[in-house]
Amino acid sequence: MIRPRSRALFEEALRALPGGVDSPVRAFTAVGGHPVFVARGSGAWLTDEDNQRYVDYVLSWGALILGHAPPRVISAIQDAATRGTSFGAPSVHETSLAQALQHAMPSLELLRFVCSGTEATMSAVRVARAFTDRPQLVKFAGCYHGHADQFLVQAGSGVATLSLPDSPGVTRGAAADTVVLPFNALDEVEALFSKRPDRIAAVIVEPVAGNMGVVPAAPGFLEGLRAVTTKHGALLIFDEVMTGFRVHPGGAQALYGVTPDLTTLGKIIGGGLPVGAYGGRREVMQLVAPAGPVYQAGTLAGNPLTMAAGLAMLAELRAPGVWDGVASMAQRLADGLTVLATEAGVPLHVQRAGTMLTPFFTEAPVTSWTDAARAHRERFSRVFHRLLKHGVYWPPSQFEAAFVSSAHGDAELSQTLEAFRGALREEAAA
Ligand code: PLP
């Protein structure tokens, strides 16, 4: 599919924006080619600047669980906008959205709205350090928690004693207090705690990893993290920016029945507008200013348009059958892909959690970043471009989750499976 206008617009963007984009993965670096410039979205569909239509499985990286421009959310935003776009003063929708979130996730005894997932995770770690009066943070390889310096760290092998920055511009100092361990390796976490029982402030985890592709927590992993952090007086932070309302209407904490001390949220809760939130145990969150001494603030935090959009989104998602419908569509897609790959004789492991999924081009199931990194990336890239040619906009990297919305129906599913069938057959023949 030739997209001359997208190409020209990208070339123009390259002169104004680093890499032509405002977030790296949009640039198609992992799959090659030039990105699609989106003109508009409606339901499950995107239309690009060349007037080509695609079934969208990116959905603003998971935020749009009702699809593009759902009428009730749009009218809530329009209605709010007529009353003002930002106040920098309290407004009632902030409390209402907080209450809606508390209803869905009772562990959020107190919460604070911010403007992105990155702000949420960064602030949650700050308050965890303040509460425990300890410096160190444990994260897991392949989990992404936003782009704050302390998260951009690559550990050495095994239990890292010397954490090194993963990006130029991150100082050794900022990286030094982050320890990276393998996802799903509870024994390594326990070993670390037994060595440094008084140093670790918090363990932060995507309870279902989505940023190395979908990798669920192994049985006992989250329960084990809960036990070891409690035992040693550290906090457990579930980063549910992606999994919140995606893997279960009550988040991964409801799916697994494990209650974290703090939770971070984003994406869906803003109804498609910029948002983040962090919250949890009252005694911890009471430390956040002005209730307590931990400073954290935001000019546009609790924005009235975002709050109205989030409330409308969650109300619609709560309607009987809506969330279950999205999950069952994701299941049908996952099952369909598995059947097609088996028919074509292409090794594929489709991993799904609720409404998100990743087809890994691997010989074996993926349980960690080491497994994920074995995926056949060139094959993924070829399949990606064949899908694009046949009107399916799949996330442009093997290591991203694909997302389904309530707007994805039978027609979208069959177009998608047809496109995959062709792509997998071509792969088998190659
Ligand atoms: N945490 C997780 C689990 C995420 O998936 C993301 C973004 O994809 C973030 C944090 C960062 O959120 P944002 O991009 O809104 O800063």
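This text goes with the structure placed above it.
Criteria and cut-off values
- Residues numbered from 1 in each chain as written.
- Predicted model: local features only at pLDDT ≥ 70, side-chain atom pairs only at ≥ 80, totals over all residues.
- Heavy atoms only, no water.
- Helix = DSSP H or I, 4+ residues; strand = E, 2+ residues; numbered from the N terminus.
- Rg over C-alpha atoms; globule rule 2.2 N^0.38 Å.
- Buried < 20%, exposed > 50% of the residue type's maximum accessible area, 1.4 Å probe, protein only.
- Salt bridge = Lys/Arg side-chain N within 4 Å of Asp/Glu carboxyl O.
- Pairing = 2+ DSSP bridges.
- Axes fitted to C-alpha atoms, helices over the stretch in contact; angles between N-to-C directions.
- Contact = heavy atoms within 4.5 Å.
- Near = heavy atom within 4 Å.
- Polar contact = N/O pair within 3.5 Å; in protein donor to acceptor, adjacent residues only side chain to side chain.
- Nonpolar A, V, L, I, M, F, W, Y, C, P; charged D, E, K, R; others polar.
- Phe/Tyr/Trp six-rings, centres within 6.5 Å; stacked < 30°, edge-to-face > 60°.
- Lys NZ or Arg CZ within 6 Å of the ring centre and 35° of its normal.

Remarks on the overall build of the protein chain
For step 1, the next point in the chain: Check the secondary structure of the protein chain and you find 14 helices and 18 strands.
For step 2, the next point in the chain: For 430 residues, the compact-globule estimate of 2.2 N^0.38 gives 22 Å, and the C-alpha radius of gyration of the protein chain, at 21 Å, lies within 12% of that figure.
For step 3, the next point in the chain: Along the longest, intermediate and shortest principal axes, the C-alpha atoms of the protein chain span 55 × 55 × 45 Å.
For step 4, the next point in the chain: A buried classification covers 54% of the 430 residues belonging to the protein chain.

Here we look at the pattern of salt bridges
For step 1, the next point in the chain: Applying the stated rule across the entire model yields 14 salt bridges.
For step 2, the next point in the chain: In this structure, the salt-bridge partner of Glu49 is Arg5, at a minimum N-O distance of 3.5 Å. Residue Glu49 is located in the loop between strand S2 (45–48) and strand S3 (53–56), and its partner Arg5 is located in helix H1 (residues 4–14); the two are separated by 44 residues in the primary sequence.
For step 3, the next point in the chain: What makes Arg5 partly exposed here is its relative accessible area of 43%.
For step 4, the next point in the chain: Notably, a salt bridge pairs Arg72 with Glu316, separated by 3.5 Å at the nearest N-O pair. Separated by 244 residues along the polypeptide, Arg72 in helix H2 (residues 71–82) and Glu316 in helix H10 (residues 304–318) bring together distant segments of the chain.
For step 5, the next point in the chain: For Arg72, a relative accessible area of 60% translates into the label exposed.
For step 6, the next point in the chain: A relative accessible area of 24% places Glu316 in the partly exposed class.

Description of the sheet that holds strand S13 (residues 262–266)
For step 1, the next point in the chain: Judged by pairing direction, the sheet is mixed, and its 7 strands sit side by side in the order S4-S14-S13-S12-S9-S5-S8 without closing on themselves. Two strands bound the open sheet, and with one partner strand each, they are strand S4 (110–114) and strand S8 (178–181). Going across the sheet, the axis of each strand differs from the next one's by a mean of 20°, ignoring polarity.
For step 2, the next point in the chain: Packing against the sheet, helix H6 (residues 186–195) makes contact with strand S5 (136–140), S8 and strand S9 (200–205), and its axis sits at approximately 145° to S8.

Focus on the site of the ligand
For step 1, the next point in the chain: In the vicinity of the ligand, the residues found are Ser116, Gly117, Thr118, Tyr144, His145, Gly146, Glu206, Asn211, Asp239, Val241, Met242 and Lys267.
For step 2, the next point in the chain: Gly117 has a polar backbone atom sitting 2.8 Å from an oxygen atom of the ligand.
For step 3, the next point in the chain: Contact distances for the ligand include 2.6 Å between a nitrogen atom and a side-chain N or O atom of Asp239.
For step 4, the next point in the chain: A breakdown of the residues in the shell around the ligand according to their chemical character gives 3 nonpolar, 6 polar and 3 charged.

A short note on the packing of aromatic side chains
For step 1, the next point in the chain: With the rule as written, the count across this model stands at 10 aromatic pairs.
For step 2, the next point in the chain: Between Phe140 and Phe183 the ring centres are 6.3 Å apart and the planes differ by 75°, which places this aromatic pair in the edge-to-face class. Note that Phe140 is positioned in strand S5 and Phe183 in the loop between S8 and H6, a separation of 43 residues in sequence. When sorted by exposure, Phe140 lands in the same class as Phe183, which is buried.
For step 3, the next point in the chain: An aromatic cluster of at least three residues, connected via ring pairs, comprises Phe28, Tyr54, Phe380, Phe384 and Tyr393.
For step 4, the next point in the chain: Residue placement shows Arg53 over the ring face of Trp45; its charged tip is 4.3 Å from the ring centre.

What is shown is where atoms sit, not what they do.
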